[in-house]
Amino acid sequence: MSTIALSINNKAIGPIETSDDIMMIEFLHEHLNMTGTKFGCGVGVCHACTVIVDNEDGTSESVRTCINGVSRFNGKKIRTIEGHAKENEFGEIIKLSPVQETFIENFSFQCGWCTSGFVNETTVLVERLKLMPIHVSEIETVIDKALGDHICRCTGYVKYYQAVKELILATEGLTRS
Amino acid sequence: MKINVNALKLSALLLALPLTVNAAQDELVEQGKYLAKLGDCTACHTIDVGQANGGGLPFTTPFGIVYSTNISSDEEFGIGHYSLKDFTDAMRGGVAPKGNLYPAMPYTSYHLLTDQDIEALYRYFMSTKPVKQENRDNDLMFPTNIRMGLKAWNLVNHDSKVFEANADKSEKWNRGSYIVNGLGHCGECHTPRDAMFAMDQSRHFEGELIGGAMASNITPQELNRQGWTKQDLDDVLRKGYSRKGTVFAGMYPVVFHSFSHLTKDDMSAVTSYLLDNDAEVAAKSDIFNGHDKSDPGYALYTGFCAGCHGIDGEGKPNVSPALIANATIDKAAPINTLSVMLNGVEEQRYSHTHGFYAMPSYRDTLDVKQLTELTNYIRKVWTKQPSDLTESQVQDWVDQIEDSIADAAH
Ligand code: FES
Ligand code: FES
């Protein structure tokens, strides 16, 4: 057994006793009842299960929870799909994040299974571009590089990529011309 | 009417003759096709977006970039204008009609081929589809860009003699040696290079860092120490995976394009030669020394590795190899253990039913302290190798791996 404590969506979680060999996604689902992170392939291929890990140096990375054990996240700060929208004091959603918004506006998803992974990956991308803007001509290559590993079985990728492109162009400071 | 029996016999003979000659030619072409697979010619002489044998694949060497050439039967751009002698000179001496070849072309191994095999290869290449693709100019720095220098290099470093059987060894062993050292050109990666960048035969097959990974030590001593059986070697060379682990980095295309096509007899000869033993070798028992939960490597293993390699290192079929009995982690210097952690491993597909998913790269995720703890832990649990590597040793290996990434010619 291991004892795990971490911060998820800015809330301190644990210490919780858990078995050593469980993967992070199982921990989220079974111990915390946080089921927004989806289990797709279970072998690190589809990236549906991606969450965000916020590093101490201010950078963030996307990490797959189906192939990474819970000990990788011990003591870390992470964000999951449940943490993006703003909530009121009763826990009701009052505002979606810009990434969530753009996906809805562009009808990017259908069944939504891949969406939490896309939201997290895009959020990491947008935050990175805030720190390190790119030239506007690079936009498609950069999106493809960031999202290229994410699999969507329903709507295809055009609407996702289009949505991300729109968001990047509409957000000040992410691109230079 | 009187029938002239002799005339009849003669005409029958005349009719049969071209057929026999054709059949013999076809057989030679077929044999050449098989030999070209053993030599893995197409893999280096084809680019992703090009036609087979059209050339153009870049090889980054410490001296600059060398591009493979068009070896299709095209008379203008390929080798269609070569005579058998031209072809033989290129294969044995590295001398093409246009001048000396750079030793990225492994004539330094192919010289061992018999005349008959060279002719078969020649007939085969002359039968390939002509590809209209112009050769690219190499991008080498002075003085290596002067081909004349290659004459001098060959004089000092190249011996173009044909394979000679070792009378103390079996026919099978000798066949294996012929394949492995000749067309297989295994030594080009697995034998360390000397100051002149020639294979250092005094350290034959002892391993060399190339393109970010170690072409392993494949001497019989090392393979037998690690507990490879003939069947394990047959599996890993034919299918890419085995009880003793998988191939990765530059060895994956070698298995895919070349070794997986070996006949049963040739594979048996190769494994006899590699283990220096014609008989099957008994498997050694698999090592699992048990976990040590107080070791900092344990949390790293469960956090980063166990998801795919299994909590006890049992692996997942068609996803990732087992660590139990895995030869990659059972080496005195853990270069390949570190190499896969830094570089990851690309997805491998051998057939519709066999393959492995990609392993992520941890270059930006694990620092040297973590790499050291994890490497020591893996050695402690699944090998008999000492698990007291220091961070500075690991840093040295990491630097060597990173430095070798650009130097990937053969
Ligand atoms: S569920 Fe994790 S990558 Fe597919
Ligand atoms: S919306 Fe269904 S998998 Fe992407």
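Residues numbered from 1 in each chain as written. Chains lettered and ligands numbered in written order. Predicted model: local features only at pLDDT ≥ 70, side-chain atom pairs only at ≥ 80, totals over all residues. Heavy atoms only, no water.

1. Examining the overall build of chain B
Then, in step 1: Secondary structure assignment for chain B yields 16 helices and 11 strands.
Then, in step 2: Principal-axis analysis of the C-alpha atoms places the extent of chain B at approximately 105 × 55 × 45 Å.
Then, in step 3: Considering chain B as a whole, with its 410 residues, one finds that 49% of them fall into the buried category.
Then, in step 4: Here the contacts in chain B between residues at least 6 apart in sequence split such that 65% fall between residues at least 24 apart. (Helix = DSSP H or I, 4+ residues; strand = E, 2+ residues; numbered from the N terminus. Buried < 20%, exposed > 50% of the residue type's maximum accessible area, 1.4 Å probe, protein only. Contact = heavy atoms within 4.5 Å.)

2. Notes on empty space enclosed by the protein
Residues and elements named next belong to chain B.
Then, in step 1: Counted by the stated rule, this structure contains one cavity of 30 Å³ or more.
Then, in step 2: Taken as a whole, the largest cavity spans an internal volume of roughly 540 Å³.
Then, in step 3: Looking at the lining of the largest cavity, the elements that each hand over two or more residues are strand E9 (245–246), helix H13 (296–309), helix H14 (335–343) and helix H15 (368–382).
Then, in step 4: If you tally residues by element for the lining of the largest cavity, the top one is H13, at five residues.
Then, in step 5: Within the lining of the largest cavity, the residues separate by chemical class into 24 nonpolar, 10 polar and one charged. (1 Å grid on protein atoms, 1.4 Å probe; cavity = no way out; pocket = protein on both sides within 12 Å on 5 of 7 lines; lining within 4 Å. Points joined across faces, edges and corners; volume = space filled by probe spheres on them. Nonpolar A, V, L, I, M, F, W, Y, C, P; charged D, E, K, R; others polar.)

3. Structural notes on the packing of helix H2 (residues 98–105) of chain A against helix H5 (residues 158–170) of chain A
Residues and elements named next belong to chain A.
Then, in step 1: Following both chains from N to C, one finds H2 and H5 inclined at 130 degrees, their axes separated by 9 Å at the closest point. With respect to H5, the element H2 is oriented oblique. In this structure, H2 meets H5 at a crossing whose hand is right-handed. For the pair formed by H2 and H5, the contact residues are Pro98, Val99, Thr102 and Phe103 on the first element and Tyr160, Ala163, Val164, Glu166 and Leu167 on the second.
Then, in step 2: Residues belonging to the contact of H2 with H5 are distributed by class as follows: seven nonpolar, one polar and one charged. (Axes fitted to C-alpha atoms, helices over the stretch in contact; angles between N-to-C directions. Parallel < 35°, antiparallel > 145°, perpendicular 65-115°, else oblique. Left-handed = near helix turned anticlockwise from the far one by under 90°.)

4. With respect to the sheet that holds strand E2 (residues 64–67) of chain B
Residue and element names in this part refer to chain B.
Then, in step 1: Here we have three strands laid out as an open sheet, ordered E1-E2-E5, and antiparallel in their pairing. Two strands lie at the open edges of the sheet, namely strand E1 (58–61) and strand E5 (139–140), each paired on one side alone.
Then, in step 2: Inspection of the sheet shows E1 paired to E2 by four bridges, in the antiparallel sense. Residue pairing in the sheet places Pro58 in a bridge with Tyr67 of E2. (Pairing = 2+ DSSP bridges.)

5. A word on the packing of aromatic side chains
In this description, a pair of aromatic rings is defined by centroid distance and the angle of the planes.
Residue and element names in this part refer to chain B.
Then, in step 1: Using the criterion set out here, one finds 14 aromatic pairs over all chains in the structure.
Then, in step 2: Their ring planes at 50 degrees and their centres at 5.6 Å tell us that Phe87 and Tyr122 sit as a pair that is tilted. With Phe87 in helix H3 (residues 84–93) and Tyr122 in helix H5 (residues 115–127), this residue pair connects regions lying 35 residues apart in the sequence. Tyr122 shares its class with Phe87; the two are buried. (Phe/Tyr/Trp six-rings, centres within 6.5 Å; stacked < 30°, edge-to-face > 60°.)

6. Thoughts on the domain arrangement of chain A
Residue and element names in this part refer to chain A.
Then, in step 1: Partitioning chain A into domains gives domain 1 (2–82) and domain 2 (86–176).
Then, in step 2: Facing 19 residues of domain 1, the contacting portion of domain 2 comprises 15 residues.
Then, in step 3: Of the roughly 1,400 Å² buried where domain 1 meets domain 2, counting both sides, 55% is carbon and sulfur surface.
Then, in step 4: Of all residues in domain 1, Lys38, His47 and Ile81 give up the largest surface area on contact with domain 2, accounting jointly for 34% of the area buried on that side.
Then, in step 5: There are one salt bridge connecting domain 1 and domain 2.
Then, in step 6: Its salt-bridge partner being Arg79, residue Glu127 comes within 2.8 Å of it at the nearest N-O pair.
Then, in step 7: On the surface where domain 1 and domain 2 come into contact, there are seven residue pairs in polar contact (both at pLDDT 80 or more).
Then, in step 8: Looking at the side of domain 1 that touches domain 2, the elements with two or more residues in it are strand E3 (50–54) and strand E4 (60–64).
Then, in step 9: The residue makeup of the side of domain 1 that touches domain 2, split by class, is seven nonpolar, eight polar and four charged. (Domains from an automatic or database assignment. Buried area = accessible area lost by both parts, 1.4 Å probe. Salt bridge = Lys/Arg side-chain N within 4 Å of Asp/Glu carboxyl O. Polar contact = N/O pair within 3.5 Å; in protein donor to acceptor, adjacent residues only side chain to side chain.)

7. Considering the pattern of salt bridges
Residues and elements named next belong to chain B.
Then, in step 1: Counted under the stated rule, the structure contains 24 salt bridges over all chains.
Then, in step 2: One salt bridge connects Lys161 with Asp159, and the closest N-O pair in it is separated by 3.6 Å.
Then, in step 3: Owing to a relative accessible area of 42%, Lys161 belongs among the partly exposed residues under this scheme.
Then, in step 4: With a closest N to O distance of 3.1 Å, Asp200 and Arg203 form a salt bridge.
Then, in step 5: We classify Arg203 as partly exposed; its relative accessible area is 33%.

8. Thoughts on a negative patch on the surface
Then, in step 1: Taken together, Asp21, Glu26 and Glu30 of chain A together with Asp312 and Glu314 of chain B make up a surface patch of like negative charges.
Then, in step 2: Mapped onto the fold, Asp312 of chain B is located in the loop between H13 and H14. (Patch = residues over 30% accessible without salt bridge, like charges linked within 9 Å, V, L, I, M, F, W, Y side chains within 5 Å. Areas by Shrake-Rupley, 256 points an atom, 1.4 Å probe, with all protein chains shown as cover. Lys, Arg positive; Asp, Glu negative; His and termini not counted. Charge placed at Lys NZ, Arg CZ, Asp CG, Glu CD.)

9. Some thoughts on the UniProt feature "binding site: heme c 3" (unreviewed entry) in chain B
Residues and elements named next belong to chain B.
Then, in step 1: Under the local residue numbering, the UniProt record ascribes the feature "binding site: heme c 3" (unreviewed entry) to Cys305, Cys308 and His309. Of the annotated residues named above, the ones that line the largest cavity are Cys305, Cys308 and His309.
Then, in step 2: Positionally, Cys308 belongs in helix H13.
Then, in step 3: Look at Cys308 and you get buried, because its relative accessible area is 16%.
Then, in step 4: Contacts of His309, omitting those with residues within four sequence positions, involve Tyr301, Glu314, Gly315, Ser320, Pro321, Leu323 and Met359. (UniProt positions renumbered as here; feature names shortened; annotations may be inferred.)

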